[in-house]
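Okay, here's what each chain looks like letter by letter:
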Amino acid sequence: MQDIIVERQEQWVEITINRPDKLNAIREQTAAEIMQVIEEAEADRSCRAILIKGLEKAFCTGVDTSEFKQDPEEMFELWRRRKRSRKVNQMFRTLPEVTKPVLAIVEGYALGGGFELAMLCDLIVAAEGAQFGLPESKLGLMPGGAGTQTLPRLIGKPLAKEMMWTGRRLSAQEALGLRIVNHVAEKGGALEAGRELARKIAGNAPLSVMYCKQAIERGTNVSLQEGMNIEADSFFSLAFSNDKEEGLSSFREKRTPNFTGR
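Residues numbered from 1 in each chain as written. Predicted model: local features only at pLDDT ≥ 70, side-chain atom pairs only at ≥ 80, totals over all residues. Heavy atoms only, no water.

1. As for the overall build of the chain
So, step 1. Counting secondary structure elements, the chain contains eleven helices and ten strands.
So, step 2. For 262 residues, the compact-globule estimate of 2.2 N^0.38 gives 18 Å, and the C-alpha radius of gyration of the chain, at 19 Å, lies within 12% of that figure.
So, step 3. Each of the three principal axes of the chain carries a C-alpha extent, and together these read 65 × 40 × 35 Å.
So, step 4. Within the chain, buried positions represent 42% of all 262 residues.
So, step 5. Here the contacts in the chain between residues at least 6 apart in sequence split such that 68% fall between residues at least 24 apart.
So, step 6. When the accessible area of the chain is evaluated, it comes to approximately 14400 Å², of which 52% is carbon and sulfur surface.
So, step 7. Of the charged side chains in the chain, 36 are positive and 37 negative; the average position of the first set lies 2 Å away from that of the second. (Helix = DSSP H or I, 4+ residues; strand = E, 2+ residues; numbered from the N terminus. Rg over C-alpha atoms; globule rule 2.2 N^0.38 Å. Buried < 20%, exposed > 50% of the residue type's maximum accessible area, 1.4 Å probe, protein only. Contact = heavy atoms within 4.5 Å. Areas by Shrake-Rupley, 256 points an atom, 1.4 Å probe, with all protein chains shown as cover. Lys, Arg positive; Asp, Glu negative; His and termini not counted. Charge placed at Lys NZ, Arg CZ, Asp CG, Glu CD.)

If you want it as structure tokens, here you go:
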């Protein structure tokens, strides 16, 4: 790995974006490496969560603009290949489909594509001093990592438009108040707070966690009736799992359950 550091901790994997000279801006190599680790974590039954973090100064400041250089005669080809060729775009599209919980651990700046990356994770744990924003309009660009879709769903259209049109930043506490962020820790403490959250998630039945995530993601933008059908399908699928029997048995026997994801 050139752009990231990968560490296994207890029952989860931690991905650290490690490009300090670029304030952790993501390039194609970075995205390819992140997707590789996520694919491996998805296939690892013992891995219960994925943590994505940056460095003390920056979680991620967006997409590396040095890769934006393009021959004017190739502009149509760039547009045509936008979904299939660019690893960064593939990474953004992949994250919502990950079946295991993905936590963003944010210290410092989470700007542009970095903010979009965090919002595509399931949960965000931030530290005091963290800053969130979408400044693309200041560069003649616009959010391209699902920011125009994720942010309005979190905070509503008017405020999302204001943030994108003005490029203003949110503090960690403002982001918490707007329910963008799940938890705010003291400066330097986001990782340990995220690990504690991962520890709690990992202690529960992985199939239950996966099916909850699936039902929420699939049901959010459909009718209530259809969402209830999605939930019912997931609920009754768990009736056939060994973990359901283990959970009920451990509850009756007043012991810690041993969930295996089967």
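2. Some details on the pairing of strand E3 (residues 49-53)
So, step 1. Where burial is concerned, most of E3 is hidden: five out of the five residues are buried.
So, step 2. Side-chain alternation along E3 places Ala 49, Leu 51 and Lys 53 on one buried face and Ile 50 and Ile 52 on a second face that is also buried.
So, step 3. Where strand E2 (residues 12-17) lies against E3, five bridges are found, and the strand directions are parallel. Paired with Glu 14 across the strands is Leu 51, a residue of E3.
So, step 4. Between the parallel pair E2 and E3, the chain is carried across by helix H1 (residues 28-43), and the sense of this crossover is right-handed. (Pairing = 2+ DSSP bridges. Right-handed = clockwise from strand over helix to strand, strands pointing away.)

3. Examining the packing of H1 against helix H3 (residues 87-94)
So, step 1. Contact geometry for H1 and H3: axes closest at 8 Å, N-to-C directions at 35°. As H1 packs across H3, the resulting crossing turns out to be left-handed. Side by side, H1 and H3 meet where Glu 28, Ala 31, Ala 32, Ile 34 and Met 35 of the first sit next to Lys 87, Val 88, Gln 90, Met 91 and Thr 94 of the second.
So, step 2. Considering only residue class, the contact of H1 with H3 consists of six nonpolar, two polar and two charged. (Axes fitted to C-alpha atoms, helices over the stretch in contact; angles between N-to-C directions. Left-handed = near helix turned anticlockwise from the far one by under 90°. Nonpolar A, V, L, I, M, F, W, Y, C, P; charged D, E, K, R; others polar.)

4. Side note on helix H10 (residues 224-237)
For an α-helix, the turn length of 3.6 residues means that residues three or four places apart are oriented alike.
So, step 1. Counted at 1.5 Å a residue, the expected span for H10 with its 14 residues is 20 Å, and the 20 Å between its end C-alpha atoms agrees.
So, step 2. Of the positions making up H10, those classed as buried are Gly 227, Ile 230 and Ser 234. Each buried residue of H10 sits inside an arc of 60° when the element is viewed along its axis, so together they form one side. Opposite the packed face of H10, turned more than 90 degrees from it, sit the exposed residues Gln 225, Asp 233, Phe 235 and Phe 236.
So, step 3. As for H10, its buried residues are in contact with helix H9 (206-219). (Expected span 1.5 Å × (residues − 1). Arc of directions from axis to C-beta.)

5. Let's talk about the side chain of Thr 16
So, step 1. By secondary structure assignment, the location of Thr 16 is in strand E2.
So, step 2. A relative accessible area of 5% means that Thr 16 is categorised as buried.
So, step 3. Beyond its immediate chain neighbours, meaning those up to four positions away, Thr 16 contacts Asp 3, Ile 4, Ile 5, Glu 7, Lys 53, Gly 54 and Leu 55.

6. Let's talk about the pattern of salt bridges
So, step 1. Tallied over the full model, the rule gives 13 salt bridges.
So, step 2. Two residues, Asp 3 and Arg 19, come together in a salt bridge whose shortest N-O distance is 3.8 Å. Here Arg 19 lies in the loop between E2 and H1 and Asp 3 lies in the segment before strand E1 (4-9), a separation of 16 residues in the sequence. A single burial state applies to Asp 3 and to Arg 19, both of which are buried.
So, step 3. Notably, a salt bridge pairs Asp 122 with Lys 213, separated by 2.8 Å at the nearest N-O pair. (Salt bridge = Lys/Arg side-chain N within 4 Å of Asp/Glu carboxyl O.)

7. Focus: the pairing of strand E5 (residues 102-106)
So, step 1. Counting buried residues along E5, five of its five residues qualify, which places the element largely inside the surrounding structure.
So, step 2. Of the two faces of E5, the one carrying Val 102, Ala 104 and Val 106 and the one carrying Leu 103 and Ile 105 are both buried.
So, step 3. Two strands pair when backbone bridges link them, and E3 and E5 are joined in this way by four bridges, in the parallel orientation. Bridge pairing in E5 links Leu 51 to Leu 103.
So, step 4. Pairing geometry for E5 and strand E7 (residues 123-127), over four bridges, is parallel.

8. A word on the sheet that holds strand E8 (residues 131-133)
So, step 1. Read from one edge to the other, the open sheet built from four strands follows the order E4-E6-E8-E9, with strand pairing classed as mixed. Of all the strands in the sheet, just strand E4 (58-60) and strand E9 (169-171) have a single pairing partner and so form its edges. Within this sheet the neighbouring strands show an average axis-to-axis angle of 20°, counted without direction.
So, step 2. Along the sheet, helix H4 (residues 113-120) contacts E4, strand E6 (109-111) and E8; its crossing angle with E6, the most-contacted strand, is approximately 90°.

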